[in-house]
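# What the coordinates show
Residues per chain, in single letters:
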Amino acid sequence: MGSVAKKGLQKYLFQLQHHPLRTKAITAAVLSGISDTVSQKLSGIPKLQLRRILLKMLFGFAYLGPFGHYMYMLLDKIFKGKRDSKTVVKKVVLEQLTSSPCNNLLFMIYYGVVVEGRPWKHVKSTIKQQYPKVQMTAWTFWPVVGWVNHRYVPLQFRVIFGSLVAFCWGIFLNLRARSMTLSKAALPKSN
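Calculation notes
- Residues numbered from 1 in each chain as written.
- Predicted model: local features only at pLDDT ≥ 70, side-chain atom pairs only at ≥ 80, totals over all residues.
- Heavy atoms only, no water.
- Helix = DSSP H or I, 4+ residues; strand = E, 2+ residues; numbered from the N terminus.
- Buried < 20%, exposed > 50% of the residue type's maximum accessible area, 1.4 Å probe, protein only.
- Contact = heavy atoms within 4.5 Å.
- Lys, Arg positive; Asp, Glu negative; His and termini not counted.
- Charge placed at Lys NZ, Arg CZ, Asp CG, Glu CD.
- UniProt positions renumbered as here; feature names shortened; annotations may be inferred.
- Axes fitted to C-alpha atoms, helices over the stretch in contact; angles between N-to-C directions.
- Left-handed = near helix turned anticlockwise from the far one by under 90°.
- Expected span 1.5 Å × (residues − 1).
- Salt bridge = Lys/Arg side-chain N within 4 Å of Asp/Glu carboxyl O.
- Patch = residues over 30% accessible without salt bridge, like charges linked within 9 Å, V, L, I, M, F, W, Y side chains within 5 Å.
- Areas by Shrake-Rupley, 256 points an atom, 1.4 Å probe, with all protein chains shown as cover.

It is worth spelling out the overall build of the protein at this point. The secondary structure content of the protein amounts to seven helices and zero strands. Listing the helices and strands of the protein from first to last along the sequence gives α-α-α-α-α-α-α. Dimensions of the protein, computed from C-alpha atoms along their principal axes, come out at roughly 60 × 40 × 30 Å. For the protein, with 191 residues in total, the buried portion stands at 37%. Long-range contacts, defined as pairs at least 24 residues apart, comprise 70% of the intrachain contacts of the protein with a sequence gap of at least 6. Distance between charge centres in the protein, computed from 28 positive and 5 negative side chains, equals 5 Å.

This is the structure in structure tokens:
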């Protein structure tokens, strides 16, 4: 590893050790912003929507980083820091039945109302229509991430690991949405 990268990593780890909440919040914000920037570029948006990027960063900073910080601490406290297979299954199930549905619902509300600026009536309708599919899709992917996170990742790195995976997940979802839109556009219109 280069000396600049090594020094940067050492400084980051120092911040993580001495200011864990702040560091996780900033990390979640930065990764949310980069993920949305990449997603916009890959989606073919000609000009970056800076407001959207900043609002996604705000969500990462104000919610994702702090929520993950406290959630992982609470789960470790409830299960006394155990990482055996049986305990990890319990952690993943608890996480997927509680925080996953809440996180997805909260994000859909935030994105619709704050980021897109749509009226609550429209956001509510979108949630009613899309939330079940969003949650079912999440349950096909995130339990595996949760397993790896709780089983192999030390507590202080779990939010960061989750944020890195969410970075990739966000890009995947944007590309998937774009391909679905392009597929619909390519279909012949019926009269």
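If you check the backbone angles, Lys80 has positive phi at about 50 degrees while not being a glycine. Mapped onto the elements, Lys80 comes out in the loop between helix H3 (50–78) and helix H4 (85–97).

Right, let's talk about the environment of Trp120 for a bit. By the element assignment, Trp120 lies in helix H6 (residues 120–152). Here the alpha-carbon distance between Trp120 and Met108, two residues 12 residues apart in the chain, equals 11 Å.

Taking the numbering used here, the UniProt-annotated feature "transmembrane region" (unreviewed entry) corresponds to residues 53–72 and 155–175. Helix makes up 100% of residues 53–72 and strand 0%, with an end-to-end C-alpha separation of 26 Å. What you have in residues 155–175 is 86% helix and 0% strand, and the ends, taken at the C-alpha atoms, are 31 Å apart.

Moving on: the side chain of Ser43. With respect to the helices and strands, the residue Ser43 is situated in the loop between helix H2 (20–42) and H3. On the basis of relative accessible area, Ser43 is assigned to the buried category, the value being 19%.

A separate point is the packing of helix H5 (residues 99–115) against H6. Relative orientation of the contacting elements H5 and H6 amounts to 145 degrees, with a least axis distance of 9 Å. Our pair here, H5 against H6, has a crossing hand that is right-handed. When H5 is examined against H6, the residues Ser100, Pro101, Asn104, Leu105, Met108, Ile109, Gly112 and Val113 are found in contact with a partner set consisting of Trp120, Val123, Thr126, Ile127, Gln130, Tyr131, Val134, Gln135, Ala138 and Trp139.

Helix length check: H6 (33 residues) gives 41 Å between terminal C-alpha atoms against 48 Å at 1.5 Å per residue, more than 12% under. If you check which residues of H6 are buried, you get Val123, Thr126, Ile127, Tyr131, Gln135, Thr137, Ala138, Trp142, Val145, Gly146, Asn149 and His150.

Next up on the list: the pattern of salt bridges. The full count for this structure, using the stated rule, is five salt bridges. Glu116 is the salt-bridge partner of Arg118, the closest N and O atoms lying 2.7 Å from each other. Each of the salt bridges in this network shares a partner with another, and the network as a whole consists of Asp36, Arg52 and Lys56.

A surface patch of like charges, here positive, comprises Lys80, Lys82, Lys86 and Lys90. Assessed through its relative accessible area of 70%, Lys80 is described here as exposed.

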